Amino acid sequence: MSGNRNRLVAPRNTVNTKMLYSFYILKELSKGETVFGNKILEVFREKFQSTNLPFPVSSSTIYETLYDLEIKGYVISEWVGNEVLNKRSKKIYHITDEGIQYYKMHVADYVDNLKKTKNTIDVMINMLI
């Protein structure tokens, strides 16, 4: 068999959904929004419910992303709740200066990567129709 086969290789600039979660969280926090895990999960489910393919989002992925952002120093968290009223505590997140700086320096590259991926897929589709 010849080692010189023609192959269509998938583009290297595939969509990194973990980065999507990270940048979305940092964007919301930089606007002064209060963010907690279930709120983020609801937003993603709502935004992608009308898409043709299911979007891979779960509470464990959201909380892992929040944990990673906290470990990197981009967000800080605190527990809030009212024990007197027996309300369940929840962990809310705030952005740090490092988080704002990271978001501003890297979100444009991620969005550019998404656009390149979309353009490549559009070319592939147009080749077939």
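The numbering scheme is per chain: residues are counted from 1 as the chain's sequence reads. Residues qualify for local features only when their pLDDT is at least 70, as the model is predicted, and side-chain atom pairs are given and counted only at 80 or more; totals for whole chains, interfaces and linings, by contrast, use all residues. Hydrogens and water are ignored here; the side-chain numbers use all heavy atoms of the structure.

Visitor: Talk me through the pattern of salt bridges; I want residue IDs and the actual numbers.
Guide: Oppositely charged side chains are able to pair whenever their charged atoms sit close together. The salt bridge criterion pairs a side-chain nitrogen of Lys or Arg with a carboxyl oxygen of Asp or Glu, the two atoms within 4 Å. By the definition in use, this model includes seven salt bridges. Two residues, Asp112 and Lys116, come together in a salt bridge whose shortest N-O distance is 3.4 Å. Here Lys116 and Asp112 lie together in helix H4 (residues 97-128), a separation of four residues that amounts to about one turn. With a closest N to O distance of 2.8 Å, Asp122 and Lys118 form a salt bridge. One end of the pair is Asp122 and the other is Lys118, both in helix H4 and four residues apart, which spans about a single turn. Throughout this description, buried means an accessible area under 20% of the type-specific maximum (1.4 Å probe, protein chains only), exposed means over 50%, and partly exposed covers the range between. A relative accessible area of 28% places Asp122 in the partly exposed class. Salt bridges here are not isolated pairs; linked through shared partners, they connect Lys18, Glu64 and Asp68. Secondary structure is summarised from DSSP: a helix means a run of H or I of at least four residues, a strand means a run of E of at least two, and numbering begins at the N terminus for each.

Visitor: Let's hear about the packing of aromatic side chains: which residues, and what values?
Guide: Side-chain rings of Phe, Tyr and Trp, where Trp is taken by its six-membered ring, are said to pair if the distance between their centres is within 6.5 Å; with planes under 30 degrees apart they count as stacked, over 60 as edge-to-face, and otherwise as tilted. One pass over the structure, following the stated rule, counts seven aromatic pairs. For the ring pair Tyr24 and Phe44, a centre distance of 5.3 Å and an interplane angle of 80° mean the geometry is edge-to-face. Residue Tyr24 is located in helix H1 (residues 17-30), and its partner Phe44 is located in helix H2 (residues 37-48); the two are separated by 20 residues in the primary sequence. The buried category is assigned to Phe44, whose relative accessible area is 5%. Among the aromatic side chains, those forming a connected cluster through ring pairs are Phe23, Tyr74, Tyr102, Tyr103 and Tyr110. Put simply, a charge is over a ring when the Lys NZ or the Arg CZ is close to the ring centre, within 6 Å, and near the line of the ring normal, within 35 degrees. The ring of Phe36 carries Lys90 above its face, with NZ or CZ at 4.0 Å from the centroid.

Visitor: Give a detailed account of the packing of H2 against helix H3 (residues 59-71), specifying residues and quantitative values.
Guide: Two elements in contact, H2 and H3, have axes separated by 9 Å at closest approach and are oriented at 125°. Regarding the angle of H2 to H3, the classification is oblique. Seen along the crossing, H2 lies across H3 with a hand that is right-handed. Contacts between H2 and H3 involve Gly37, Asn38, Ile40 and Leu41 on the former and, on the latter, Ser59, Ile62, Tyr63 and Leu66. Partitioned by chemical class, the residues of the contact of H2 with H3 number five nonpolar, three polar and no charged. To get an axis, a line is fitted to the C-alpha atoms, and for a helix only the part in contact is used. The angle between two axes follows their N-to-C directions and goes from 0 to 180 degrees. Here is the rule for angles: anything less than 35 degrees is roughly parallel, anything more than 145 is roughly antiparallel, 65 through 115 is roughly perpendicular, and the remaining ranges are oblique. By the definition used in this description, the sense in which the near helix is turned from the far one sets the handedness, with an anticlockwise turn below a right angle giving left-handed and a clockwise turn giving right-handed. Only heavy atoms enter the contact rule, under which two residues are in contact if any of them lie within 4.5 Å. The nonpolar class holds Ala, Val, Leu, Ile, Met, Phe, Trp, Tyr, Cys and Pro. Asp, Glu, Lys and Arg form the charged class, and all remaining residues, Gly among them, are polar.

Visitor: Lay out the nonpolar core in plain terms, naming residues and giving numbers.
Guide: Side chains of nonpolar character tend, in soluble globular proteins, to be buried together. For this analysis, a nonpolar core means a set of buried residues of the types Ala, Val, Leu, Ile, Met, Phe, Trp, Tyr and Cys, connected via side-chain atoms within 4.5 Å. Among the nonpolar cores identified, the biggest contains 22 residues, and Ile25, Leu26, Leu29, Ile40 and Ile62 are the most heavily contacted of them. Of all elements in the fold, only H1, H2, H3, strand E2 (90-95) and H4 reach the threshold of two or more residues within this core. Sort the elements by how many residues they give to this core and H1 lands first, with six residues. Leave out the neighbours within four places in its chain, and Ile25 touches Val35, Ile40, Thr65, Leu66 and Leu69.

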